[in-house]
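Examination of the molecular architecture
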Amino acid sequence: MTKVPRFSGPKVHAMPPKINATQEALRHRFTPTAAAVSAAPTLQPTPNPAPQPAPDASLHELGSEWWRRAVVYQVYVRSFCDADGDGVGDLAGVVEKLPYLAGLGVDGLWLNPFYASPGHDHGYDVADHCAVDPAYGSLEGFDDLVAAAHGHGIRVILDVVPNHASIAHPWFTAALAAGPGSPARARFHFADGRGPGGNQPPNNWRSIFGGPAWTRISEPDGTPGQWYLHTFAAEQPDFNWTHPDVPAHFEHVLRFWLDRGVDGFRVDVAQGLHKKAGLPDHPDAAADEATGDPVNPNAWNQPAVHQVWRSWRRLVRDYTAADGRDRLLIGEVGLTDPAAVGDYTRPGELHHTFCFPFAHARFDAQTYRSVIDTALRHHPAGVAWVANNHDLPRSVTRHTPTHDEDLPAGTDPAQIGLARARAAAAAALMLALPGAVYLYQGEELGLPDVLDLPPSLIKDPMYHRSNGTRPGRDGCRVPLPWTTSPDHHHGFSPPATTTPAWLPQPPTWADLAADTQHHTTTSTLNLYRQALALRRTIPDLTTTTLTWHNNTPPGLLALSRGTHLTTYTNTTNHPIPTPHPGQPILTTHPTPHPTDTIPPNTTVWYHHDTEASS
């Protein structure tokens, strides 16, 4: 859960329903499997992993430390491809589209959570970390996915959620039943309330999703009881990482999936987990809710969290030592201080953290240069660039021009073509940088957010906890359009389906469907394919060097990679003469243009026979 859209300020919200009232309904939703960790401290043994075929030789194309310059494609499973016709994407749908991902040229895929879950935050409220939710498939289907992906030379990265659980997690249901002061409650943050009758939360912390960070329960005897901490939704109680069962549980979880052949983990809320001892008030506690950033220093970025990542790094290193396959740990660290984020990739900790400032940057040459310089300075082992994900407005939507811009006469500021041109130019700039790149499903199609979803269909707890003040994130999670025809949800579901997709697609997406773009040479899809192919084949793009070109015209960002590749990004609304004219090997402009000119809102890559000069 990364930085969320801002709103005007904190707001008092009605308390959610008593959590214990939902337990019976959740028990009917599903029963945790035998692989779940029981309420007792003893961990369940890991089931025997499925036999894994030898990884395809193409997995080794990037060599050891493949993660340093890989292109990883994020699959939001729920919205990627629906193989069984229930209107929800699934693991079998991911298998079905692996040839598409291989043709795109990605090195890995990151799967958003598909674990057993009541679905209050679409899988980020995990009830069983070692089971596949029936809505998405089965463990056997997951094993098939890993084997098939490896056969295509694609690595598989899983989302792991260590900061919080689900209210349906067996540990939490046991904690509710056990009563105050019990060992079961010590695995979470339960506390007595303040004020008369304990009617006020134990401290002044606020949830990043909006509202108080505490919810009061009813005790087993029906009396008003303790409060529990949830830094996100009320259905996501925070684990107490000072309790020894919690780190032991997650070591078990990591080994469970590593034994099934996965190639690494994306760590959700990596700045979380540990809290300041005593959970004291903080004067800036409301900033978490007001900004959507993890600002409260008592709730986030505690020194002890780095010991967790050192422990996890040792664990994955052991697996690598056993078979020579590098396993990756990449963290979602939402802190706003770049130096603090850099601490998470110190030697022996996480391999990577996402460079969110690139995704948040406005379309401006100097802004991009500052963001890139800062990231390279604080992450000497390599940067993981990102422009889109499941928590952010899509780049096409973010780059829509504003009315106060100096646009050419007659230009409509809401013109989607201009926004898509900027998003493509930013993507080509990102793909030219040293380091790894993470793509989000649909960005290769140039999809915008869907901004007019009916409120009755919006599922995001951020929207509901803010009483609609925040738009939520469902607009960037609408199912992908695979075919031009609107039949069976533009190919998202199989032909026989009669079930609506979980979110509706707009009719304008027909022109953006994958099959339409496949046959259009200048489409966004083919631009991404071309750029990813060049990343693999041009030696200069395999280096770690980046040299800026100075004294360029205002609004023009120019850099060289290696000795023979130069890229230019024109962030203005007018053409700029090219300092080094020649035949480009890639341009984001959809129509032919003079080789000695960079069109407006365009990135161009040039390959020189002689060494490029800065």
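To keep things clear, this report deals only with the structure shown in the data block. Keep in mind that what you see is a predicted model, and the values were worked out from it rather than measured. (Residues numbered from 1 in each chain as written. Predicted model: local features only at pLDDT ≥ 70, side-chain atom pairs only at ≥ 80, totals over all residues. Heavy atoms only, no water.)

1. Re the overall build of the protein
Filter applied, for reference: A run of H or I in DSSP counts as a helix once it spans at least four residues, and a run of E counts as a strand once it spans at least two, with each numbered from the N terminus. A 1.4 Å probe rolled over the protein chains alone gives each residue an accessible area, and that area as a share of the maximum for its type sets the label: buried under 20%, exposed over 50%, partly exposed in between. Each accessible area is a Shrake-Rupley estimate made with a 1.4 Å probe; only the visible protein chains count as cover when residues are assessed.
Within the protein, the secondary structure is distributed over 17 helices and 20 strands. Considering the protein as a whole, with its 614 residues, one finds that 60% of them fall into the buried category. Carbon and sulfur atoms make up 56% of the accessible area of the protein, which amounts to about 22,500 Å² in all.

2. Examining the nonpolar core
Applicable threshold: By nonpolar core is meant a set of buried Ala, Val, Leu, Ile, Met, Phe, Trp, Tyr and Cys residues that side-chain atoms within 4.5 Å join together. Note on definitions: a residue-residue contact is assigned when non-hydrogen atoms from the two residues lie within 4.5 Å.
Leu-111, Trp-257 and Phe-358 are the most contacted members of the largest nonpolar core, which totals 128 residues. In terms of residues, this core owes the most to one element, helix α13 (residues 416-431), which gives eight residues. Apart from the residues lying within four places of it in its own chain, the contact partners of Leu-111 are Val-75, Val-77, Val-94, Phe-142, Leu-145, Val-156, Ile-157, Leu-158 and Asp-159. Phe-209, Ala-213, Trp-214 and Ala-233 belong to the second largest nonpolar core, which has 16 residues in total.

3. Remarks on the packing of α13 against helix α17 (residues 524-537)
Going by this rule: Axis definition: a line fitted to C-alpha atoms, limited for helices to the stretch in contact. Angles are taken between N-to-C directions and run from 0 to 180 degrees. Convention used here: angles under 35 degrees read as roughly parallel, angles over 145 as roughly antiparallel, angles from 65 to 115 as roughly perpendicular, and any remaining angle as oblique. Note on residue categories: nonpolar means Ala, Val, Leu, Ile, Met, Phe, Trp, Tyr, Cys or Pro, charged means Asp, Glu, Lys or Arg, and polar means any other residue, Gly included.
Running from amino to carboxyl end, α13 crosses α17 at an angle of 10°, the nearest separation of the two axes being 10 Å. Taken together, the axes of α13 and α17 lie roughly parallel to each other. Here α13 contributes Arg-420, Ala-424, Ala-427, Met-430 and Leu-431 to the contact with α17, which in turn contributes Thr-524, Leu-527, Tyr-528, Ala-531, Leu-532 and Arg-535. When the residues that make up the contact of α13 with α17 are grouped by side-chain class, the tally is eight nonpolar, one polar and two charged.

4. A short note on the sheet that holds strand β20 (residues 602-607)
Here is the rule: For two strands to be treated as a pair, DSSP must find no fewer than two bridges joining them.
Reading across from one edge, β14-β15-β16-β20-β18 is the order of the five strands in this open sheet, with antiparallel pairing throughout. A strand with exactly one partner marks an edge of an open sheet, and here the two such strands are β14 (547-548) and β18 (584-587). Relative to strand β15 (residues 556-561), β14 runs antiparallel, the two sharing two bridges. The residue of β15 that forms the bridge with Thr-547 is Ser-560. Of the strands in this sheet, β15, β16 (565-570), β18 and β20 are in contact with α13, which crosses β20 at around 35°.

5. Structural notes on the pairing of β16
Burial runs high along β16: six of the six residues are buried. Residues Leu-565, Thr-567 and Thr-569 point to one face of β16 and Thr-566, Tyr-568 and Asn-570 to the other, with burial holding for every one of them. Pairing analysis gives six bridges linking β15 to β16, with the strands arranged antiparallel. Across the sheet, residue Ser-560 finds its bridge partner in β16, namely Thr-566. If you look at the hairpin formed by β15 and β16, you'll find three residues sitting between the two strands, and Gly-562 has a positive phi there, around 65°.

6. Some remarks on the sheet that holds strand β10 (residues 328-331)
Spatial strand order, β1-β2-β5-β9-β10-β11-β12-β13: eight strands in a closed barrel with parallel pairing. Here the average twist between neighbouring strands, direction ignored, is 25°. As defined by bridge partners, strand β1 (residues 71-75) adjoins strand β2 (residues 108-111) across four bridges and the pair is classed as parallel. Residue pairing in the sheet places Gln-74 in a bridge with Trp-110 of β2.

7. What to know about the layout of surface pockets
Selection criterion: Only protein atoms enter the calculation, which uses a 1 Å grid: trapped sets of points that fit a 1.4 Å probe without letting it out are cavities, open sets showing protein on both sides within 12 Å along at least five of seven lines are pockets, and any residue with an atom within 4 Å of a point is a lining residue. Grid points are joined across faces, edges and corners, and a volume is the space filled by probe spheres set on the points.
Of the volumes computed, that of the largest pocket is approximately 660 Å³. In terms of lining, the largest pocket is formed by 28 residues, of which the most central are Thr-522, Ser-523, Thr-524, Thr-588 and Pro-590. Contributions of two or more residues to the lining of the largest pocket are made by α13, α16 (514-518), α17 and β18. A per-class count over the lining of the largest pocket returns ten nonpolar, 16 polar and two charged.

8. A word on helix α6 (residues 245-258)
Residues lying three or four places apart along an α-helix face the same way, a consequence of the helix completing one turn every 3.6 residues. Worth spelling out the cut-off: What a helix is expected to span follows from its residue count: subtract one and scale by 1.5 Å.
For α6, built from 14 residues, the straight-helix expectation of 20 Å at 1.5 Å per residue is met to within 8% by its first-to-last C-alpha distance of 20 Å. In terms of residue burial, α6 counts as a mostly covered element, since ten of its 14 residues are buried. For α6, the set of buried residues is Asp-245, Val-246, His-249, Phe-250, His-252, Val-253, Leu-254, Phe-256, Trp-257 and Leu-258.

9. Structural notes on the pattern of salt bridges
Rules: For salt bridges, the criterion is a side-chain nitrogen of Lys or Arg within 4 Å of an Asp or Glu carboxyl oxygen.
Using the criterion set out here, one finds 23 salt bridges in the structure. With a closest N to O distance of 2.7 Å, Arg-327 and Asp-323 form a salt bridge. For Arg-327, a relative accessible area of 4% translates into the label buried.

10. Quick notes on the packing of aromatic side chains
Put simply, the test is: Under the pairing criterion, centres of Phe, Tyr and Trp rings, with the six-membered ring standing for Trp, must be within 6.5 Å; the plane angle then separates stacked pairs below 30 degrees from edge-to-face pairs above 60, leaving the rest tilted. A ring is scored as having a charge over it whenever the NZ atom of a lysine or the CZ atom of an arginine sits within 6 Å of its centre and within 35 degrees of its normal.
Under the definition given, this model contains 28 aromatic pairs. With centroids separated by 6.1 Å and ring planes inclined at 65°, the aromatic side chains of Tyr-73 and Phe-80 adopt a geometry described as edge-to-face. Phe-80 matches Tyr-73 in its accessibility class, with the two residues each being buried. Each ring, one from Tyr-115 and one from Trp-257, has its centre 5.8 Å from the other, and the planes form 50°; the classification is tilted. In this pair, Tyr-115 is assigned in strand β3 (residues 115-116) and Trp-257 in helix α6, connecting sequence segments 142 residues apart. We note that Tyr-115, like Trp-257, is buried. One aromatic cluster is present, built from ring pairs that chain together Trp-171, Phe-172, Phe-188, Phe-190, Tyr-228, Phe-239, Trp-241, Phe-250, Trp-309 and Trp-312. Over the face of the ring belonging to Trp-502 we find Arg-78, whose NZ or CZ atom lies 4.6 Å from the ring centre. We note Lys-97 situated over the ring of Trp-482; from NZ or CZ to the ring centre the distance is 4.3 Å.

11. A closer look at unusual backbone geometry
Most peptide bonds are trans, and most residues other than glycine sit at a negative phi. A positive phi is found at Leu-279, a non-glycine position, where the angle reads about 50°. Summarising the element assignment, Leu-279 is placed in the loop between β9 (264-267) and α7 (287-291). Take Leu-279: its relative accessible area is 17%, and that puts it in the buried class.

12. Some words on the environment of Pro-553
Within the fold, Pro-553 resides in the loop between β14 and β15. Under the relative-accessibility criterion, Pro-553 is labelled partly exposed at 32%. In this structure, the C-alpha to C-alpha distance between Pro-553 and Ile-576, residues 23 residues apart in sequence, is 7.7 Å.

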